[in-house]
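Examining the three-dimensional arrangement
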Amino acid sequence: MSEPVGIRVEGVHFGYPGRPVLRGVDLDVAPGELTALVGLNGCGKSTLLRLAAGLLRPGAGRVLLGEHDLARLSRRAAARHVALLHQSAPSVPGMTVRQLVRQGRYAARGPLGMLREGDDAVARRALADVGVAHWAERPVEALSGGERQRVRLAMALAQDTRVLLLDEPTTYLDLHHQLDVLRTVVRLREERGLTVVMVLHDLAHAARFAERIVALRDGRVVAEGAPKEVVTPAFLADVLRVAGRVGRDPEGDWPVCYPDHPLDD
Ligand SMILES: Nc1ncnc2c1ncn2[C@@H]1O[C@H](COP(=O)(O)OP(=O)(O)OP(=O)(O)O)[C@@H](O)[C@H]1O
(Lines give C-alpha, C1' and ligand atoms only; values in the text may rest on other atoms or scores of the structure.)
Protein backbone atom coordinates (compact mmCIF):
# COMPACT_ATOMS: atom_id res chain seq x y z
CA MET A 1 0.00 0.00 0.00
CA SER A 2 1.46 3.40 -0.95
CA GLU A 3 1.44 6.31 1.49
CA PRO A 4 -1.85 8.19 1.93
CA VAL A 5 -1.97 11.70 0.51
CA GLY A 6 -3.34 14.79 2.25
CA ILE A 7 -5.34 17.64 0.71
CA ARG A 8 -4.58 21.28 1.47
CA VAL A 9 -6.90 24.04 0.33
CA GLU A 10 -5.30 27.46 0.85
CA GLY A 11 -7.24 30.71 0.65
CA VAL A 12 -9.41 29.51 -2.22
CA HIS A 13 -11.82 31.94 -3.84
CA PHE A 14 -14.10 30.83 -6.63
CA GLY A 15 -17.19 32.16 -8.36
CA TYR A 16 -19.28 31.45 -11.42
CA PRO A 17 -19.99 34.49 -13.62
CA GLY A 18 -21.90 36.95 -11.44
CA ARG A 19 -22.04 34.51 -8.52
CA PRO A 20 -19.24 34.38 -5.95
CA VAL A 21 -19.34 31.01 -4.19
CA LEU A 22 -16.18 30.36 -2.16
CA ARG A 23 -14.68 33.35 -0.34
CA GLY A 24 -11.40 32.23 1.15
CA VAL A 25 -11.64 28.54 2.00
CA ASP A 26 -8.81 27.05 4.05
CA LEU A 27 -8.91 23.36 4.72
CA ASP A 28 -6.44 20.66 5.63
CA VAL A 29 -7.42 17.03 5.20
CA ALA A 30 -4.82 14.77 6.79
CA PRO A 31 -3.51 11.80 4.79
CA GLY A 32 -5.86 8.87 5.23
CA GLU A 33 -8.59 10.90 6.90
CA LEU A 34 -12.32 10.43 6.29
CA THR A 35 -14.00 13.84 6.21
CA ALA A 36 -17.65 14.75 5.73
CA LEU A 37 -18.44 18.08 4.09
CA VAL A 38 -21.79 19.51 5.12
CA GLY A 39 -23.77 22.69 4.55
CA LEU A 40 -26.96 24.06 3.04
CA ASN A 41 -27.96 23.58 -0.61
CA GLY A 42 -25.97 25.91 -2.81
CA CYS A 43 -23.28 26.73 -0.23
CA GLY A 44 -20.49 25.45 -2.50
CA LYS A 45 -19.80 21.87 -1.43
CA SER A 46 -19.81 20.38 -4.96
CA THR A 47 -17.83 23.37 -6.20
CA LEU A 48 -15.17 22.73 -3.56
CA LEU A 49 -14.95 19.04 -4.53
CA ARG A 50 -14.63 20.01 -8.20
CA LEU A 51 -11.79 22.38 -7.31
CA ALA A 52 -10.11 19.61 -5.28
CA ALA A 53 -10.46 17.26 -8.26
CA GLY A 54 -8.81 19.78 -10.60
CA LEU A 55 -11.97 20.16 -12.70
CA LEU A 56 -12.25 23.86 -11.79
CA ARG A 57 -9.44 26.33 -11.18
CA PRO A 58 -9.59 28.71 -8.22
CA GLY A 59 -9.80 32.46 -8.88
CA ALA A 60 -7.32 32.87 -6.03
CA GLY A 61 -5.54 30.49 -3.67
CA ARG A 62 -4.42 26.97 -4.40
CA VAL A 63 -5.16 23.30 -3.84
CA LEU A 64 -2.40 20.82 -3.04
CA LEU A 65 -2.65 17.03 -3.17
CA GLY A 66 0.34 15.87 -1.19
CA GLU A 67 3.16 17.86 -2.76
CA HIS A 68 1.33 18.40 -6.07
CA ASP A 69 -0.13 21.83 -6.77
CA LEU A 70 -3.23 21.05 -8.85
CA ALA A 71 -2.70 24.22 -10.90
CA ARG A 72 0.42 22.59 -12.38
CA LEU A 73 -1.32 19.36 -13.35
CA SER A 74 -3.36 18.73 -16.47
CA ARG A 75 -6.83 17.30 -15.89
CA ARG A 76 -5.58 13.92 -16.94
CA ALA A 77 -2.56 14.04 -14.62
CA ALA A 78 -4.84 15.16 -11.76
CA ALA A 79 -7.11 12.18 -12.45
CA ARG A 80 -4.23 9.85 -11.58
CA HIS A 81 -4.19 11.33 -8.07
CA VAL A 82 -7.82 12.10 -7.35
CA ALA A 83 -11.19 10.61 -8.32
CA LEU A 84 -14.52 12.36 -7.99
CA LEU A 85 -17.87 10.63 -7.76
CA HIS A 86 -20.17 13.11 -9.50
CA GLN A 87 -23.85 13.44 -8.84
CA SER A 88 -24.30 12.36 -12.44
CA ALA A 89 -22.00 10.52 -14.80
CA PRO A 90 -22.05 10.36 -18.59
CA SER A 91 -23.54 7.32 -20.19
CA VAL A 92 -23.79 6.63 -23.88
CA PRO A 93 -26.93 4.74 -24.99
CA GLY A 94 -26.22 1.01 -24.99
CA MET A 95 -23.13 1.33 -22.83
CA THR A 96 -22.75 -1.55 -20.39
CA VAL A 97 -21.79 -1.26 -16.75
CA ARG A 98 -18.41 -2.82 -17.53
CA GLN A 99 -17.76 -0.27 -20.28
CA LEU A 100 -18.73 2.64 -18.04
CA VAL A 101 -16.54 1.49 -15.16
CA ARG A 102 -13.64 0.98 -17.56
CA GLN A 103 -13.99 4.66 -18.43
CA GLY A 104 -12.63 5.22 -14.93
CA ARG A 105 -9.29 3.95 -16.24
CA TYR A 106 -8.96 6.77 -18.79
CA ALA A 107 -6.36 8.64 -16.75
CA ALA A 108 -4.06 5.63 -16.78
CA ARG A 109 -4.39 5.04 -20.52
CA GLY A 110 -1.59 5.45 -22.97
CA PRO A 111 -1.36 8.30 -25.48
CA LEU A 112 -3.56 6.44 -27.97
CA GLY A 113 -6.19 5.71 -25.36
CA MET A 114 -5.39 1.99 -25.32
CA LEU A 115 -6.16 0.02 -22.18
CA ARG A 116 -2.97 -1.17 -20.57
CA GLU A 117 -2.26 -4.47 -18.94
CA GLY A 118 -3.98 -4.54 -15.58
CA ASP A 119 -6.67 -1.97 -16.43
CA ASP A 120 -9.33 -4.61 -16.81
CA ALA A 121 -8.39 -6.20 -13.50
CA VAL A 122 -8.65 -2.82 -11.73
CA ALA A 123 -12.09 -2.21 -13.27
CA ARG A 124 -13.24 -5.71 -12.26
CA ARG A 125 -11.99 -5.15 -8.72
CA ALA A 126 -13.89 -1.84 -8.55
CA LEU A 127 -17.11 -3.61 -9.59
CA ALA A 128 -16.51 -6.26 -6.94
CA ASP A 129 -15.68 -3.64 -4.29
CA VAL A 130 -19.20 -2.24 -4.48
CA GLY A 131 -20.81 -5.65 -4.98
CA VAL A 132 -22.06 -5.06 -8.53
CA ALA A 133 -19.84 -7.41 -10.56
CA HIS A 134 -22.92 -9.39 -11.59
CA TRP A 135 -24.28 -6.34 -13.43
CA ALA A 136 -21.23 -6.00 -15.68
CA GLU A 137 -23.08 -6.76 -18.93
CA ARG A 138 -26.26 -4.80 -18.13
CA PRO A 139 -26.87 -1.58 -20.06
CA VAL A 140 -26.41 1.41 -17.74
CA GLU A 141 -29.66 2.96 -18.95
CA ALA A 142 -31.57 -0.11 -17.69
CA LEU A 143 -30.41 0.40 -14.10
CA SER A 144 -32.48 2.03 -11.37
CA GLY A 145 -31.32 5.31 -9.78
CA GLY A 146 -29.80 3.54 -6.79
CA GLU A 147 -28.13 0.87 -8.95
CA ARG A 148 -26.61 3.58 -11.13
CA GLN A 149 -25.28 5.37 -8.08
CA ARG A 150 -23.35 2.27 -6.99
CA VAL A 151 -21.98 1.85 -10.51
CA ARG A 152 -20.80 5.48 -10.44
CA LEU A 153 -18.94 4.69 -7.21
CA ALA A 154 -17.29 1.73 -8.95
CA MET A 155 -16.30 4.06 -11.80
CA ALA A 156 -14.60 6.43 -9.35
CA LEU A 157 -12.85 3.50 -7.63
CA ALA A 158 -11.62 2.27 -11.01
CA GLN A 159 -9.42 5.37 -11.19
CA ASP A 160 -7.43 3.69 -8.38
CA THR A 161 -6.36 6.99 -6.82
CA ARG A 162 -5.11 7.80 -3.30
CA VAL A 163 -7.71 10.54 -2.91
CA LEU A 164 -11.43 9.88 -3.29
CA LEU A 165 -14.00 12.69 -3.38
CA LEU A 166 -17.62 11.59 -3.12
CA ASP A 167 -20.41 14.03 -3.88
CA GLU A 168 -23.47 12.70 -2.08
CA PRO A 169 -22.56 9.01 -2.47
CA THR A 170 -25.78 7.84 -0.79
CA THR A 171 -28.21 9.74 -3.05
CA TYR A 172 -30.96 7.47 -4.48
CA LEU A 173 -29.97 4.61 -2.18
CA ASP A 174 -32.28 2.86 0.26
CA LEU A 175 -31.09 2.77 3.87
CA HIS A 176 -29.60 -0.71 3.50
CA HIS A 177 -27.48 0.35 0.56
CA GLN A 178 -26.61 3.73 2.11
CA LEU A 179 -25.03 1.88 5.03
CA ASP A 180 -23.47 -0.68 2.70
CA VAL A 181 -21.81 2.04 0.58
CA LEU A 182 -20.60 4.01 3.62
CA ARG A 183 -19.15 0.88 5.21
CA THR A 184 -17.49 -0.02 1.92
CA VAL A 185 -15.87 3.43 1.82
CA VAL A 186 -14.67 3.04 5.42
CA ARG A 187 -13.26 -0.41 4.65
CA LEU A 188 -11.48 0.65 1.45
CA ARG A 189 -10.09 3.70 3.19
CA GLU A 190 -8.52 1.41 5.81
CA GLU A 191 -7.37 -1.32 3.42
CA ARG A 192 -5.92 1.01 0.77
CA GLY A 193 -4.94 4.08 2.78
CA LEU A 194 -7.34 6.34 0.90
CA THR A 195 -8.03 9.93 1.86
CA VAL A 196 -11.76 10.52 1.53
CA VAL A 197 -13.90 13.64 1.48
CA MET A 198 -17.62 13.10 1.05
CA VAL A 199 -20.51 15.49 0.85
CA LEU A 200 -23.31 14.18 3.02
CA HIS A 201 -26.70 15.74 3.69
CA ASP A 202 -27.58 13.17 6.32
CA LEU A 203 -25.90 14.40 9.49
CA ALA A 204 -26.54 11.03 11.16
CA HIS A 205 -24.26 9.39 8.59
CA ALA A 206 -21.66 12.16 8.86
CA ALA A 207 -21.62 11.84 12.66
CA ARG A 208 -21.45 8.04 12.54
CA PHE A 209 -18.90 7.46 9.79
CA ALA A 210 -16.66 10.53 9.43
CA GLU A 211 -13.65 11.24 11.59
CA ARG A 212 -14.05 14.91 10.92
CA ILE A 213 -16.89 17.15 9.85
CA VAL A 214 -16.23 20.32 7.88
CA ALA A 215 -19.09 22.79 7.53
CA LEU A 216 -19.39 25.45 4.84
CA ARG A 217 -21.50 28.57 5.06
CA ASP A 218 -21.36 31.84 3.18
CA GLY A 219 -18.40 30.60 1.15
CA ARG A 220 -16.19 29.79 4.13
CA VAL A 221 -15.43 26.95 6.52
CA VAL A 222 -17.36 27.84 9.67
CA ALA A 223 -16.84 24.69 11.76
CA GLU A 224 -14.55 21.69 11.68
CA GLY A 225 -13.57 18.93 14.03
CA ALA A 226 -14.54 15.50 15.33
CA PRO A 227 -18.32 14.94 15.14
CA LYS A 228 -18.67 14.72 18.92
CA GLU A 229 -17.03 18.13 19.28
CA VAL A 230 -18.68 19.89 16.36
CA VAL A 231 -22.29 18.70 16.35
CA THR A 232 -24.26 20.79 18.84
CA PRO A 233 -27.67 22.50 18.77
CA ALA A 234 -25.84 25.74 17.84
CA PHE A 235 -24.22 23.91 14.89
CA LEU A 236 -27.62 22.64 13.72
CA ALA A 237 -28.93 26.20 13.88
CA ASP A 238 -25.97 28.03 12.35
CA VAL A 239 -24.89 25.57 9.66
CA LEU A 240 -28.05 23.68 8.74
CA ARG A 241 -30.68 26.23 9.83
CA VAL A 242 -32.69 23.75 11.88
CA ALA A 243 -33.69 23.64 15.53
CA GLY A 244 -33.06 20.38 17.30
CA ARG A 245 -31.51 18.51 20.16
CA VAL A 246 -28.26 16.56 20.16
CA GLY A 247 -27.62 13.47 22.26
CA ARG A 248 -24.99 10.76 22.35
CA ASP A 249 -25.24 7.24 20.98
CA PRO A 250 -25.54 5.01 24.05
CA GLU A 251 -23.10 2.46 22.66
CA GLY A 252 -20.83 4.61 20.52
CA ASP A 253 -18.75 7.72 20.74
CA TRP A 254 -20.73 9.76 18.26
CA PRO A 255 -23.51 12.34 18.52
CA VAL A 256 -27.12 11.63 17.58
CA CYS A 257 -29.30 14.50 16.30
CA TYR A 258 -33.00 15.02 16.84
CA PRO A 259 -33.83 17.74 14.31
CA ASP A 260 -37.23 19.34 14.88
CA HIS A 261 -38.06 22.24 12.56
CA PRO A 262 -36.45 24.55 10.03
CA LEU A 263 -35.48 27.99 11.28
CA ASP A 264 -36.77 31.05 9.48
CA ASP A 265 -34.31 32.68 7.12
N1 LIG B 1 -22.06 25.81 -13.58
C2 LIG B 1 -22.56 26.77 -12.78
N3 LIG B 1 -22.80 28.00 -13.26
C4 LIG B 1 -23.31 28.98 -12.47
N5 LIG B 1 -23.59 28.82 -11.18
C6 LIG B 1 -23.37 27.61 -10.64
C7 LIG B 1 -22.85 26.51 -11.41
N8 LIG B 1 -22.74 25.43 -10.60
C9 LIG B 1 -23.17 25.82 -9.40
N10 LIG B 1 -23.55 27.12 -9.40
C11 LIG B 1 -24.04 27.89 -8.27
O12 LIG B 1 -23.00 27.95 -7.31
C13 LIG B 1 -23.52 27.79 -5.99
C14 LIG B 1 -22.84 26.59 -5.33
O15 LIG B 1 -23.24 25.41 -6.01
P16 LIG B 1 -22.76 23.97 -5.51
O17 LIG B 1 -23.30 22.99 -6.48
O18 LIG B 1 -21.31 23.99 -5.25
O19 LIG B 1 -23.55 23.88 -4.11
P20 LIG B 1 -23.73 22.64 -3.13
O21 LIG B 1 -23.36 23.11 -1.76
O22 LIG B 1 -23.03 21.44 -3.64
O23 LIG B 1 -25.32 22.45 -3.22
P24 LIG B 1 -26.29 21.16 -3.07
O25 LIG B 1 -26.29 20.80 -1.61
O26 LIG B 1 -27.61 21.70 -3.51
O27 LIG B 1 -25.77 20.06 -3.97
C28 LIG B 1 -25.03 27.65 -6.14
O29 LIG B 1 -25.61 28.90 -5.89
C30 LIG B 1 -25.23 27.25 -7.59
O31 LIG B 1 -26.44 27.74 -8.08
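Per an unreviewed UniProt entry, the recorded name for the protein is ABC transporter ATP-binding protein, and the organism is Streptomyces gulbargensis. Under Subcellular location (unreviewed entry), UniProt gives the following word-for-word description of the protein: "Cell membrane".

1. Brief notes about the overall build of the protein
If you tally the helices and strands in the protein, you get nine helices and 12 strands. Whereas a compact globule of 265 residues would reach a radius of gyration of roughly 18 Å, the protein reaches 18 Å, a difference of no more than 12%. The 265 residues of the protein split such that 49% are buried. Counting only contacts in the protein whose residues sit at least 6 apart along the sequence, the fraction spanning at least 24 positions is 63%. Total accessible area computed for the protein in this model is approximately 12900 Å², and 50% of it derives from carbon and sulfur atoms. Of note, the protein has its 35 positive side-chain charges centred 6 Å away from the centre of its 33 negative side-chain charges.

2. Some points on the site of the ligand
Near the ligand lie 14 residues; those nearest to it are Gly42, Gly44, Lys45, Ser46 and Thr47. With respect to the ligand, the side chain of serine 46 contributes an N or O atom lying 2.8 Å from an oxygen atom. In the environment of the ligand, an oxygen atom lies 3.1 Å from a nitrogen or oxygen atom belonging to the side chain of histidine 201. About the coverage of the ligand: the protein hides 63% of its 640 Å² of free accessible area. More than half of the atoms belonging to the ligand lie within 2 Å of the grid points that define the second largest pocket. Every element with two or more residues in the shell around the ligand is listed here: β2 (19–29) and α1 (45–52). Looking at the shell around the ligand residue by residue, the classes come out as four nonpolar, seven polar and three charged.

The rules behind the values
- Residues numbered from 1 in each chain as written.
- Predicted model: local features only at pLDDT ≥ 70, side-chain atom pairs only at ≥ 80, totals over all residues.
- Heavy atoms only, no water.
- UniProt positions renumbered as here; feature names shortened; annotations may be inferred.
- Helix = DSSP H or I, 4+ residues; strand = E, 2+ residues; numbered from the N terminus.
- Rg over C-alpha atoms; globule rule 2.2 N^0.38 Å.
- Buried < 20%, exposed > 50% of the residue type's maximum accessible area, 1.4 Å probe, protein only.
- Contact = heavy atoms within 4.5 Å.
- Areas by Shrake-Rupley, 256 points an atom, 1.4 Å probe, with all protein chains shown as cover.
- Lys, Arg positive; Asp, Glu negative; His and termini not counted.
- Charge placed at Lys NZ, Arg CZ, Asp CG, Glu CD.
- Near = heavy atom within 4 Å.
- Polar contact = N/O pair within 3.5 Å; in protein donor to acceptor, adjacent residues only side chain to side chain.
- 1 Å grid on protein atoms, 1.4 Å probe; cavity = no way out; pocket = protein on both sides within 12 Å on 5 of 7 lines; lining within 4 Å.
- Sits in = over half its atoms within 2 Å of the grid points.
- Nonpolar A, V, L, I, M, F, W, Y, C, P; charged D, E, K, R; others polar.

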